[in-house]
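As a plain string of letters, each chain reads:
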Amino acid sequence: MSDQDSKPPLIERRRVIKGLAAGSLLPLLGGNLLGCSDSDDTFIDDPGVAASFQHGVASGDALDNSVIIWTRATPAQPGLVRIRWEVATDESFEDVVASGDGTTTDEVDYTAKVDVTGLAAGTAYFYRFIVQDVSSPVGRTRTLPTGAVAATSFAVISCSNYPAGFFNVYREIANSDVDAVLHLGDYIYEYAVDGYASDRAEEFGRLSQPETEILSLSDYRTRYAQYRTDPDLQACHGAHPFYVVWDDHEITNDTWREGAENHQPDTEGDFDERVAVALQAWYEWLPIRPPSTNREVIYRQFQFGDLVDLLMLDTRLIGRDQQLSYAPFTSGGMIDLDAARAAINDSNRQLLGEEQNAWLKDRLTNSSTTWQVLGQQVLVGRYNLPAQILLALDPSNLGDDALAAGVAAVLASVAAKNTPEDQRTPEQQALLDSAIPYNLDAWDGYGFNRDDILTHAASVDARLVTLAGDTHNAWASQLRDTQGNVVGVEFAAPSVTSPGLEGALGADAAALFEAPLVTLIDDLIYTNISDRGWMRVTFTSDATTADWHYVSNIDSTTYTLMENRANSMTVSADDLLLG
Ligand SMILES: [Fe+2]
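Residues numbered from 1 in each chain as written. Predicted model: local features only at pLDDT ≥ 70, side-chain atom pairs only at ≥ 80, totals over all residues. Heavy atoms only, no water.

Colleague: Provide a residue-level description of the coordination of the iron ion, including the pertinent values.
Modeller: Within the protein, Cys-159 (SG), Asp-186 (OD), Tyr-189 (OH) and His-472 (NE2) serve as the donor atoms for the iron ion, at 2.1 to 2.5 Å. Coordination at the iron ion is irregular, judged from the four donor atoms that bind it and the angles of 86 to 165° they form at the metal. Along the chain, the residues donating to the iron ion are arranged with the sequence spacing C-x26-D-x2-Y-x282-H. Here Asp-186 is found in the loop between strand E12 (180–183) and helix H4 (201–204), whereas its partner His-472 is found in the loop between strand E23 (464–468) and strand E24 (474–480), with 286 residues between them in sequence. Grouping residues by exposure puts Asp-186 and His-472 together as buried. (Donors = N, O, S within 2.8 Å, 3.2 Å for Na, K, Ca; no water. Tetrahedral: all angles 85-135°; square planar, octahedral: opposite > 155°, others 65-115°. Helix = DSSP H or I, 4+ residues; strand = E, 2+ residues; numbered from the N terminus. Buried < 20%, exposed > 50% of the residue type's maximum accessible area, 1.4 Å probe, protein only.)

Right, dumping it as structure tokens:
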């Protein structure tokens, strides 16, 4: 990494947050709600305005002695809301081990967040909030374990687009016995009411609010509030602690450090101001522990005893250089492969940014757990396809002719791949040799940064498991260094509701593409590009297992689990080989 001089300083110093108190979230820190410590007398003298709990409760970012608990109090009228909170070891709150009180106002959209401290490790707790005589639903959470841990399980999810369908996947996770929920981003989507994946929203009663694309603080708050009225999402939050990172749609599509595909400064204002309000609403509504200084730093570590170091990353905002596209390297229906590859692997291109990159390497070096797990947004592995396939299947122009050309290119490529190397024609070999990354928004578009991390992980003998969301589809791959050595595995979660490749290709074509993708992409072991679901990842000292669970539909709250599509892949700690 040698681009320090060409980069602006850290974003918190760079972005000017106009009209907002930059530290407005800081009062949320501390063991008392909003940092207040009102006495009982105050509550008697001034009970504040009445409120109800319409958005459930949530918890997250548990450590071995603390956890963030969250709610929103919807006020009966504008004003100061006084809230009590309680944490107990039992659901009936006979054994309350921590409690406190404080206030919330419109300054933080009537959300309330407490960092409850002094808890015991590896312990389940129940929590609730009370305004006057109204109690919130009871939530259940769990602190991180210490010492020897035999096993732990995470639910891994991403891409929960409210207008696209019902949150049946959240319901399934709510009813599961996982220890943690990792939401890897696209918790909300920014589009207008008639935007992406909203075709059946009216029929579902899930038209986006507000109706416009979200730009202002009020817009982002309204969108979060709508999502959090969903009973399945409330149930999921109430059942398990969440560990969240943002991806692009918490801000806007294809965000990078200084802009986004779906942000036009001429008509939508200053990008930094949009980031500022998007992040403010995100911190208000999600159960993440706010950082004490730079709120754009969300990379952080959670240790599950001697078993798992979970390293949550930001591949989206703090360090990412702008995405490349093949357009500048394409002419006359051909891609200049050498030039495209050189650009992709340019050592100056960054995905994590200098500071996060150094932090991640240091955490990998110093980890003493069995597994080192990256919880992050975009695919890490090498997902290369022959250029002819990419040229045919241009997502911006997927008519029948393009699809037919794409299918022909896939069939020709599979035939070439299945031909023994010494029997291939020169044309077949050239077709396979033209393989290039198909998704330049993923780590594949930042080859140098990816290889730097993978090489480092191998050099410190990490047992590396990367978890990803973003694509709306399920994947399992070997991770290899530039020499081809296996240095880890990747498991990626399908979306909760956002359409997968079947949305672009059609359901029939998508199902037909799954086997060819596994054939053509060298490191790919498994994929499902058609179904919505979640991924359970279970760690033991011997092995890590990913289990994918798919729901039959999202167009109704009546659904079944598709046992015929379920799948499971295990990697042993000894050889990191997937099977
Ligand atoms: Fe998404």
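Okay, back to it.
Colleague: Break down the packing of aromatic side chains for me, with residues and values.
Modeller: What describes a pair of aromatic rings is the distance from one ring centre to the other and the angle between the planes of the rings. Going through the model one piece at a time under the given rule, you end up with 22 aromatic pairs. Here the aromatic rings of Phe-154 and Phe-304 are separated by 4.9 Å at their centres, their planes lie at 55°, and the arrangement is tilted. On the criterion of sequence distance, the pair formed by Phe-154 in strand E11 (residues 151–157) and Phe-304 in strand E16 (residues 300–304) is long-range, its members being 150 residues apart. Side by side, Phe-154 and Phe-304 carry an identical accessibility label, which is buried. Residues Tyr-526 and Trp-548 carry aromatic rings whose centres are separated by 4.6 Å and whose planes lie at 50° to one another, so their mutual orientation is tilted. Here the residue Tyr-526 occupies a position in strand E26 (residues 524–528), and Trp-548 occupies one in strand E28 (residues 543–550), the gap between them amounting to 22 residues. (Phe/Tyr/Trp six-rings, centres within 6.5 Å; stacked < 30°, edge-to-face > 60°.)

Colleague: Pulling in residues and values, what's your account of the pattern of salt bridges?
Modeller: Here the structure, examined in full by the defined rule, presents 29 salt bridges. Between Glu-284 and Arg-221 there is a salt bridge; the shortest N-O distance is 2.7 Å. Separated by 63 residues along the polypeptide, Glu-284 in helix H8 (residues 271–285) and Arg-221 in helix H5 (residues 217–227) bring together distant segments of the chain. Across the pair, exposure class does not vary: Glu-284 and Arg-221 are buried alike. Overlapping salt bridges, with partners in common, bring together Asp-247, Arg-316, Arg-320 and Asp-441 in one network. (Salt bridge = Lys/Arg side-chain N within 4 Å of Asp/Glu carboxyl O.)

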